[in-house]
Amino acid sequence: QSQLKTMRAVQRWSLALLLKTAAAGLASELWRENSATAQQSPWDPFVLGLGAGTLKKETFATYVAQDAAFLKSFADAYKRAERKCGEEEAPPLQARCRGDLRELRDAVEEELKLHSGYAKKWGADLGKDFKPLKATIDYTSFLEKISRDPTASAAEVVAAMVPCMTLYAILGKRLEKAGIEDDNPYREWVE
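Definitions and cut-offs
- Residues numbered from 1 in each chain as written.
- Predicted model: local features only at pLDDT ≥ 70, side-chain atom pairs only at ≥ 80, totals over all residues.
- Heavy atoms only, no water.
- Core = buried A, V, L, I, M, F, W, Y, C linked by side-chain atoms within 4.5 Å.
- Buried < 20%, exposed > 50% of the residue type's maximum accessible area, 1.4 Å probe, protein only.
- Helix = DSSP H or I, 4+ residues; strand = E, 2+ residues; numbered from the N terminus.
- pLDDT = per-residue confidence, 0-100.
- Salt bridge = Lys/Arg side-chain N within 4 Å of Asp/Glu carboxyl O.
- Axes fitted to C-alpha atoms, helices over the stretch in contact; angles between N-to-C directions.
- Parallel < 35°, antiparallel > 145°, perpendicular 65-115°, else oblique.
- Left-handed = near helix turned anticlockwise from the far one by under 90°.
- Contact = heavy atoms within 4.5 Å.
- Nonpolar A, V, L, I, M, F, W, Y, C, P; charged D, E, K, R; others polar.
- Polar contact = N/O pair within 3.5 Å; in protein donor to acceptor, adjacent residues only side chain to side chain.
- Phe/Tyr/Trp six-rings, centres within 6.5 Å; stacked < 30°, edge-to-face > 60°.

**Student:** Would you mind going over the nonpolar core with me for this structure?
**Tutor:** Among soluble globular proteins, nonpolar side chains are generally buried collectively. Grouped together as the largest cluster of nonpolar side chains are 22 residues, with contacts concentrated most on Phe74, Tyr78, Leu101, Leu143 and Met161. Among the secondary structure elements, those contributing two or more residues to this core are helix H5 (57-84), helix H6 (91-122), helix H7 (134-148) and helix H8 (154-178).

What follows is the structure, encoded as structure tokens:
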């Protein structure tokens, strides 16, 4: 429920920002460059196993830990983006930008708290022994680079996040539409 609320808020705000940053086209460019992967994603063995409830517990635990790393990176990027609000905006828009980004960061931080519970339930390592996978490192490093770039606007930071959030939302909707059986151990996560 919290994930769905977060994703809806992110999508509404992200779409508004994408209209503003159409000239930069970062999100569009990233989506275009990765569209083949995005189109294949619903057929990935992980997604199929999640939907069918046949995914190995250890695989899901690894996913929960990696997703927590992504969320931490998102929260950090939102925080840095908040500081970028207003560099070219009028004061009312500065306040809205900061408020919207703070709301998104708060939602992500709330989601991180839920991950702590999932981590315990599924045996995911979120502690000092956690080792991010290469894909996690690549994406979180990219996001950190964009969000720390002094020339990047708040809109560009969010645009760098949109392809990931969009794919996540698409996969969630497809899983939900396909139907998750009551006995699927991952039902709570998907819903």
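**Student:** What should I look at first to understand the confidence of the model for the chain in this one?
**Tutor:** Do not read the predicted coordinates in detail wherever pLDDT is low. Model confidence for the chain is summarised by a mean pLDDT of 83, while 83% of its residues fall at 70 or above. Per-element confidence in the chain is highest for H7, whose mean pLDDT is 95, and lowest for helix H1 (residues 2-20), whose mean pLDDT is 55.

**Student:** Would you mind showing me how to read the pattern of salt bridges here?
**Tutor:** Side-chain pairs of opposite charge can arise where the charged atoms are in close proximity. This structure, assessed with the given rule, holds 10 salt bridges. Among the ionic pairs, Glu82 bridges to Arg102, the shortest N-O distance being 3.7 Å. Taken together, the residues span a long stretch of sequence, with Glu82 in helix H5 and Arg102 in helix H6 at a distance of 20 residues. Look at Glu82 and you get buried, because its relative accessible area is 9%. Residue Glu109 pairs with Arg105 through a salt bridge whose shortest N-O separation is 3.7 Å. With Glu109 and Arg105 both in helix H6 and four residues apart, the pair spans about one turn of that helix. The class for Glu109 is partly exposed, based on a relative accessible area of 31%. Among the charged side chains, a salt-bridge network with shared partners connects Glu82, Arg102, Arg105 and Glu109.

**Student:** For this particular structure, what's the right way to read the packing of H5 against H8?
**Tutor:** Helices that pack against each other are described as a pair by the angle of their axes relative to one another and the distance between those axes. For the pair H5 and H8, interaxial distance at closest approach is 9 Å and the crossing angle is 155°. Relative to H8, the element H5 lies roughly antiparallel. Crossing geometry of H5 relative to H8 is assigned as left-handed. Between H5 and H8, the contacting residues are Tyr63, Asp67, Phe74, Ala77, Tyr78, Ala81 and Lys84 on the first element and Ala154, Val157, Val158, Met161, Cys164, Met165 and Tyr168 on the second. In terms of residue class, the contact of H5 with H8 is made up of 12 nonpolar, no polar and two charged.

**Student:** Would you take a moment to explain the packing of H5 against H7 for this structure?
**Tutor:** Two elements in contact, H5 and H7, have axes whose closest approach is 9 Å; the angle formed by their N-to-C orientations is 5°. Classed by the angle they form, the pair H5 and H7 counts as roughly parallel. Of the residues in H7, those touching H5 at Gln66, Ala69, Phe70, Ser73, Phe74, Ala77, Arg80 and Lys84 are Ala135, Thr136, Tyr139, Thr140, Leu143, Glu144, Ser147 and Arg148. Partitioning the contact of H5 with H7 into residue classes produces seven nonpolar, five polar and four charged.

**Student:** Looking at this structure, I do not really get the environment of Thr136. What am I missing?
**Tutor:** In this fold, Thr136 is placed in helix H7. The sequence separation of Thr136 and Asp67 amounts to 69 residues, and the corresponding C-alpha distance is 8.3 Å. Look past the residues within four positions of Thr136 in its chain and what remains in contact with it is Gln66, Ala69 and Phe70.

**Student:** Is there a simple way to think about helix H4 (residues 45-52) in this case?
**Tutor:** One turn of an α-helix holds 3.6 residues; hence residues three or four places apart share an orientation. Among all positions of H4, only Val47, Gly49, Leu50 and Gly51 are buried. Among the structural elements, H5, H8 and helix H9 (187-190) are those in contact with the buried residues of H4. Between a side-chain oxygen at the N-terminus of H4 and the backbone nitrogen of Phe46 the separation is 2.8 Å; the capping residue is Asp44. Two residues or fewer past H4, Gly53 is found with a positive phi of approximately 80°.

**Student:** Hey, could you run me through the packing of aromatic side chains in this one?
**Tutor:** Aromatic rings considered in pairs are described by the distance between their centres and by the relative angle of their planes. Under the criterion given, the structure shown has 12 aromatic pairs. Pairing Phe60 with Tyr63 gives two aromatic rings, centres 6.0 Å apart and planes at 35°, and the pair type is tilted. Of this pair, Phe60 and Tyr63 both sit in helix H5, three residues apart, roughly one helical turn. No difference in accessibility class separates Phe60 from Tyr63, as the two residues are buried. Arranged with centres 6.2 Å apart and planes meeting at 45°, the rings of Tyr139 and Phe142 form a pair that is tilted. Residue Tyr139 and its partner Phe142 are located together in helix H7, separated by three residues, close to a single helical turn.

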